[in-house]
Amino acid sequence: MYVMKCSKDGEFTQGELSPYGNIQLSPSAGVLNYGQAIYEGTKAYRKENGKLLLFRPDHNAIRMKLGAERMLMPSPSVDQFVNAVKQTALANKRWVPPAGKGTLYIRPLLMGSGPILGLGPAPEYTFIVYASPVGNYFKEGMAALNLYVEEEYVRAAPGGAGGVKSITNYAPVLKALSRAKSRGFSDVLYLDSVKKKYLEEASSCNVFVVKGRTISTPATNGTILEGITRKSVMEIASDQGYQVVEKAVHVDEVMDADEVFCTGTAVVVAPVGTITYQEKRVEYKTGDESVCQKLRSVLVGIQTGLIEDNKGWVTDIN
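Residues numbered from 1 in each chain as written. Predicted model: local features only at pLDDT ≥ 70, side-chain atom pairs only at ≥ 80, totals over all residues. Heavy atoms only, no water.

## Side note on the UniProt feature "modified residue: N6-(pyridoxal phosphate)lysine" (unreviewed entry) in the protein
Going by this rule: UniProt positions are given in the numbering used here, feature names are shortened, and annotations may be inferred rather than shown by experiment. Strands here mean DSSP runs of E at least two residues long; helices mean DSSP runs of H or I at least four residues long; both are numbered from the N terminus. When checking whether two residues touch, look at their non-hydrogen atoms; a contact exists if any pair is within 4.5 Å.
Annotation from UniProt places "modified residue: N6-(pyridoxal phosphate)lysine" (unreviewed entry) at Lys165. Topologically, Lys165 is positioned in the loop between strand 8 (145-150) and helix 4 (174-182). Excluding residues that lie within four positions of it along the chain, Lys165 makes contacts with Ile38, Tyr39, Glu40, Gly41, Arg63, Tyr170 and Leu225.

And the structure:
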């Protein structure tokens, strides 16, 4: 894993690789007392010739910087971030699954590691990057997901930190997610906190709704994470002639859609087979001819080097 520290002056020291292992923290560390931490998620892909690729790591770096500003934290520069991800991927090269069998998930984490008892920013910050080989995110694999629209709990509220990848955004979804899974659902769809009528996102991924040649996704207005996979899929869809719209998506639109799918670094592009809302269950088109599958094929093709990257999205790290 890669470790780099930053003191009060806001400057990060030269980081270094070290064996993966536990870290020491003060009981009064900012991350433990006040949840002052943000993280990213990216992947290394193995090409059929054995070489490794990264997908848009500079965008992860930029998103971390924006999140750090919201949480009043210093952050690594884009170059420092990308270099750390590259070093971690290369150091763990033997753990990258063969082409088509999985990926190396890479987790950059920025946290307030210095002690702070009173409410305030930590006096020291630690940036860590570690990695793990992964397969499919959902237990269903490539099978369609069954989602449940949550009406009791909300994920984020206007003016909060729902639009940044703060650790504080994820623990609160666990109760609703656990309840939904105990009822046989794959994940939860959250509604807006004000009217509880507009779609936001799932527990860990963005959502798209397809009707004819129009693909709609909730606008990022501060409560929804600006996913890098989301952004990439929107561009691919536009290239293929679909009308891509960012807007407030009413839950009734979702229940009348032709298709629904989710996007994210972990889930990639995942088809939704059913959505249940107020005891009503709706089924959606899935399969090889679906919009979801067509977009996924292009995205994964670019990520793994099977399709020529004309957009400058892929970084060869060998």
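## What about the packing of aromatic side chains?
Any two aromatic rings considered together are summarised by their centre-to-centre distance and by the angle between their planes. Formally: Only the six-membered ring of Trp is used, alongside the rings of Phe and Tyr, when aromatic pairs are assigned; centres must lie within 6.5 Å, and planes under 30 degrees apart are stacked while those over 60 apart are edge-to-face, with the rest tilted. Partly exposed residues are those whose accessible area sits between 20% and 50% of the maximum for their type, while under 20% is buried and over 50% is exposed, using a 1.4 Å probe and protein chains only.
Scanning the entire structure with this criterion turns up six aromatic pairs. Plain terms: the ring middles of Phe81 and Phe127 are 5.8 Å apart, the flat faces sit at 40° to each other, and that makes the pair tilted. Of the two residues, Phe81 is situated in helix 3 (residues 78-91) and Phe127 in strand 7 (residues 125-134); the sequence distance between them amounts to 46 residues. Phe127 matches Phe81 in its accessibility class, with the two residues each being buried.

## Some thoughts on unusual backbone geometry
The phi torsion at Lys196 lies on the positive side, around 55°, for a residue other than glycine. Within the secondary structure, Lys196 is located in the loop between strand 9 (187-191) and strand 10 (199-202). One non-glycine residue with positive phi stands out, namely Glu279, at about 70°. Structurally, Glu279 is set in the loop between strand 15 (268-277) and strand 16 (280-283). For Glu279, a relative accessible area of 76% gives the class exposed.

## Here's the deal with the domain arrangement of the protein
The test is simple: Domain borders in the structure are assigned automatically or taken from a domain database. Note on definitions: buried area is the accessible-area loss of two parts on being combined, 1.4 Å probe, summed for both. The salt bridge definition used is simple: a Lys or Arg side-chain nitrogen within 4 Å of an Asp or Glu carboxyl oxygen. Throughout this description, a polar contact denotes any pair of N or O atoms lying within 3.5 Å of each other; where both atoms belong to protein, one of them has to be capable of donating a hydrogen while the other can accept it, and for residues adjacent in sequence the pair is counted only when both atoms sit in side chains.
Along its sequence, the protein is carved into domain 1 (2-135) and domain 2 (145-304). A separation of 26 Å is found between the C-alpha centroids of domain 1 and domain 2. Listed as interface residues are 22 residues of domain 1 and, on the opposing side, 22 residues of domain 2. Between domain 1 and domain 2, roughly 1900 Å² of surface is buried when both sides are summed, and carbon and sulfur atoms account for 62% of that area. The largest per-residue losses of area from domain 1 upon contact with domain 2 belong to Tyr39, Phe55 and Arg63, which jointly make up 33% of the total buried on that side. The interface formed by domain 1 and domain 2 contains zero salt bridges. Counting across the domain 1 and domain 2 interface gives eleven residue pairs in polar contact (both at pLDDT 80 or more). At the level of elements, strand 3 (37-39), strand 4 (42-46), strand 5 (52-55) and helix 2 (57-70) are the ones that each hand at least two residues to the side of domain 1 that touches domain 2.

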